Amino acid sequence: MNQPLENIKDFDIILASGSPRRRELLGMLDVDFRVDTSHGVDETVPEGVSPMDVAPYLSQLKASAYPLTKDDGKLVITADTVVIIDDEVLGKPADENEACEMLEKLQGRVQTVVTGVTVRTYNKSVTFRAESKVEFAKLSRPEIEYYVRKYKPLDKAGAYGIQEWIGAAGIKGIEGSFYNVMGLPVHRLYECLKNF
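Source: prediction; values computed, not measured.

Enquirer: Which residues make up the layout of surface pockets, and what values do they have?
Expert: Of the volumes computed, that of the largest pocket is approximately 660 Å³. Only α1 (20-27), α2 (51-64), β3 (74-85) and α6 (178-182) provide two or more residues apiece to the lining of the largest pocket. If you tally residues by element for the lining of the largest pocket, the top one is β3, at five residues. Taken together, the residues of the lining of the largest pocket sort by class into 15 nonpolar, 11 polar and nine charged. Space inside the second largest pocket adds up to approximately 190 Å³. Lining of the second largest pocket is provided by Gln3, Pro4, Leu5, Glu6, Ile8, Lys9, Phe11, Asp12, Ile13, Asp30, Val31 and Asp32.

Enquirer: Quick rundown of the environment of Met28? Include the residues and the values.
Expert: Mapped onto the elements, Met28 comes out in the loop between α1 and β2 (34-35). Taking C-alpha positions, Met28 is 20 Å from Arg129, a pair spaced 101 residues apart along the chain.

Enquirer: Outline the packing of aromatic side chains, listing residues and values.
Expert: Evaluated as defined, the whole model comprises five aromatic pairs. Summarising the aromatic geometry, the rings of Tyr147 and Trp165 are spaced 6.5 Å apart at their centres and angled 25° between planes, so their arrangement reads as stacked. Here Tyr147, found in helix α4 (residues 141-151), pairs with Trp165, found in helix α5 (residues 165-170); they are 18 residues apart in sequence, far enough to count as distant. When the centroid spacing of 5.8 Å and the interplanar angle of 75° are considered together, the rings of Phe178 and Tyr179 count as edge-to-face. Judged by its relative accessible area of 32%, Tyr179 is partly exposed. Among the aromatic residues, those joined into a cluster by ring pairs are Tyr146, Tyr147, Tyr151 and Trp165.

Enquirer: With reference to specific residues and values, describe helix α3 (residues 96-106).
Expert: For α3, the complete set of buried residues consists of Ala99, Cys100, Met102, Leu103 and Leu106. Looking straight down α3, one finds that the buried residues subtend no more than 160° of arc, so they occupy a single side. On the buried face of α3, the contacting elements are β3, β4 (88-90), β5 (110-120), β6 (125-136), α4 and α5. For α3, the N-terminal capping position is held by Asp95, with its side-chain oxygen 3.2 Å away from the main-chain nitrogen of Asn97. Gly108 occupies a position one or two residues after α3 and carries a positive phi of about 70°.

Enquirer: Could you give an account of the packing of α3 against α4, naming the residues involved and the relevant values?
Expert: Direction vectors running N to C along α3 and α4 enclose 135°, while the axes themselves pass 10 Å from each other. Looking at the two axes, α3 sits oblique to α4. As α3 runs across α4, the sense of the crossing is right-handed. Along the contact surface, α3 presents Glu96, Asn97, Ala99, Cys100, Leu103 and Glu104, while α4 presents Arg141, Ile144, Glu145, Tyr147, Val148 and Arg149. Here the contact of α3 with α4 is composed, by residue class, of six nonpolar, one polar and five charged.

Rules used throughout
Residues numbered from 1 in each chain as written. Predicted model: local features only at pLDDT ≥ 70, side-chain atom pairs only at ≥ 80, totals over all residues. Heavy atoms only, no water. 1 Å grid on protein atoms, 1.4 Å probe; cavity = no way out; pocket = protein on both sides within 12 Å on 5 of 7 lines; lining within 4 Å. Points joined across faces, edges and corners; volume = space filled by probe spheres on them. Helix = DSSP H or I, 4+ residues; strand = E, 2+ residues; numbered from the N terminus. Nonpolar A, V, L, I, M, F, W, Y, C, P; charged D, E, K, R; others polar. Phe/Tyr/Trp six-rings, centres within 6.5 Å; stacked < 30°, edge-to-face > 60°. Buried < 20%, exposed > 50% of the residue type's maximum accessible area, 1.4 Å probe, protein only. Arc of directions from axis to C-beta. Contact = heavy atoms within 4.5 Å. Polar contact = N/O pair within 3.5 Å; in protein donor to acceptor, adjacent residues only side chain to side chain. Axes fitted to C-alpha atoms, helices over the stretch in contact; angles between N-to-C directions. Parallel < 35°, antiparallel > 145°, perpendicular 65-115°, else oblique. Left-handed = near helix turned anticlockwise from the far one by under 90°.

Set out below in structure tokens:
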């Protein structure tokens, strides 16, 4: 029985992300891959990059940090996710206080979650962006503080993980991919890999 994505089975597939959620989501596509986070980058975004282009820009930056040679057979997957509200990009909070402030900004409103993904080999590179709209209910400050204290969302864009308590208790609806909000639009990635 042939596996899906037979076309990339001979590549050494590298997920260049320390995110446990991205590892879990890529694993859902039944591809063999390994995680390598040894080529970190300075994630400073130059002035003039529009909020919608920040995540794709960062995914390309991360991918370009991997030195690939003609014969190494590597295929690198990188991703970056941001939350955008009022044209402001919310990345990962620096501390619990900033996490609470971010979440207060999102209450009772719709924000856009954008993930940029880059798939790169020695001779080819493809970058795409996926967008989802997320509508929050209005949570109280004590509810927000409970979530931040218990779930410690400091490694998550916008200070929340949709797959956690806050997703069940505080998110009214989503337009677009749920997995994109988790950090990797797996359907779009599958289509990209299938045609790579």
